[in-house]
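# Remarks on the overall topology
The primary structure of each chain is shown beneath.
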Amino acid sequence: MAKSPVTPPRPPCQLYLITPPALPDLPAFARDLEAALDAGEVAALQIRLKDVDDATILAAVAALKPIAQARGVAVILNDRPDLAARSGCDGVHLGQGDASVANARAIMGRDAMIGVTCHDSRELAMDAAEAGADYVAFGAFFPTETKTTVHRPDPEILTIWQETVETPCVAIGGISTRNAGGLARAGADFVAVSSAVWRHPDGPAAAVRELTAELASNA
């Protein structure tokens, strides 16, 4: 996994959207998603629903996946490689307590995108990269209302990772237009954003426009 002495320039940091943990009005959220994805370049959408049954997850994927994929946005399902494969998602995001990368790969196939939460640990990230993960996620970098967090990495972890390992890294946790640029400069390949988009006072489209402009200015 070590980088060669000469590596090509790193592509600009891209936006990775995460849904709210609950979608009580799925049709309304689908409209918000359309507006958000039409407002700027987004690399991936993670469908992250908590404390819901499988039918609710599958219904959300069925509604949101066509919107994202029609715009070239990869659809990643949180936690569940079985449901990701069943519903035709492009990949799965695994927490440390979820399936292994090897198990997820066996379920989803070699072309699936598999990401792994690594908190503030380069050791966990190296393990994931060696196991064949397509990206690793570090965070939470800032306080977030989306989920309870106990790890608070320094942005330097992104710089060190970028200088030593080829596997892309995602920065997550409390990211907004105020701090996304700093994480991009530190070395994040992607910044994962949830509430700063869906709760933006001017709507999700305005949030995506602001975030993509911020990332472009820090390329």
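For the structure itself, consult the block above.
Residues numbered from 1 in each chain as written. Predicted model: local features only at pLDDT ≥ 70, side-chain atom pairs only at ≥ 80, totals over all residues. Heavy atoms only, no water.

The phi torsion of most residues other than glycine is negative, and most of the peptide bonds are trans. Cis geometry is found at the peptide bond from Gly139 to Ala140, where omega equals 10°. For Asp51, which is not a glycine, the phi torsion comes out positive at approximately 60°. If you trace the backbone, Asp51 turns up in the loop between β2 (44-47) and α2 (54-69). When its relative accessible area of 83% is taken as the criterion, Asp51 is described as exposed. Residues other than glycine seldom take positive phi values, yet Asp79 does so here, at roughly 75°. Within the fold, Asp79 resides in the loop between β3 (74-78) and α3 (81-87). (Helix = DSSP H or I, 4+ residues; strand = E, 2+ residues; numbered from the N terminus. Buried < 20%, exposed > 50% of the residue type's maximum accessible area, 1.4 Å probe, protein only.)

Here we take up the sheet that holds β2. Around the barrel, which closes on itself, the eight strands sit in the order β1-β2-β3-β4-β5-β6-β7-β8 with parallel pairing between neighbours. Averaged over all pairs of adjacent strands, the angle between their axes in this sheet comes to 25°, without regard to strand direction. Looking at chain direction, β2 and β3 are connected through four bridges and run parallel. Residue pairing in the sheet places Leu45 in a bridge with Val75 of β3. Sheet strands in contact with helix α4 (residues 101-108) are β4 (91-94) and β5 (113-117), and its direction is about 160° off that of β4. (Pairing = 2+ DSSP bridges. Axes fitted to C-alpha atoms, helices over the stretch in contact; angles between N-to-C directions. Contact = heavy atoms within 4.5 Å.)

Okay, the pattern of salt bridges next. Summed over the entire model, instances satisfying the criterion amount to five salt bridges. In this structure, the salt-bridge partner of Arg71 is Asp38, at a minimum N-O distance of 2.7 Å. With a gap of 33 residues between them, Arg71 in the loop between α2 and β3 and Asp38 in helix α1 (residues 26-38) connect regions that are remote in the sequence. Between Arg80 and Asp54 there is a salt bridge, with the nearest N and O atoms lying 2.9 Å from each other. Linking Arg80 in the loop between β3 and α3 with Asp54 in helix α2, this pair joins segments that are 26 residues apart in sequence. When salt bridges that share partners are traced, they join Asp54, Arg80 and Asp82 into one network. (Salt bridge = Lys/Arg side-chain N within 4 Å of Asp/Glu carboxyl O.)

Moving on: the nonpolar core. Counting 65 residues, the largest nonpolar core has Leu15, Leu17, Ile47, Leu64, Phe138, Leu158 and Val191 as its most contacted members. Once you skip the residues sitting within four places of it in the chain, Val191 turns out to touch Cys13, Gln14, Leu15, Tyr16, Ala171, Ile175, Ala180, Leu183 and Leu215. Membership of the second largest hydrophobic core comes to eleven residues, among which are Tyr16, Ile18, Ala137 and Val170. (Core = buried A, V, L, I, M, F, W, Y, C linked by side-chain atoms within 4.5 Å.)

Another point: the environment of Glu145. Assignment of secondary structure puts Glu145 in the loop between β6 (135-139) and α6 (156-164). Judged by relative accessible area, which is 68%, Glu145 ranks as exposed.

Time to look at the packing of aromatic side chains. Within the structure shown, the criterion is met by three aromatic pairs. Both rings, one in Tyr16 and one in Tyr135, keep their centres 5.8 Å apart while their planes meet at 75°; by these two values the pair is edge-to-face. Of this pair, Tyr16 sits in strand β1 (residues 14-18) while Tyr135 is found in strand β6, placing the two residues 119 residues apart along the sequence. Residue class for Tyr16 comes out buried when judged on its relative accessible area of 3%. By relative accessible area, which is 3% here, Tyr135 ends up buried. (Phe/Tyr/Trp six-rings, centres within 6.5 Å; stacked < 30°, edge-to-face > 60°.)

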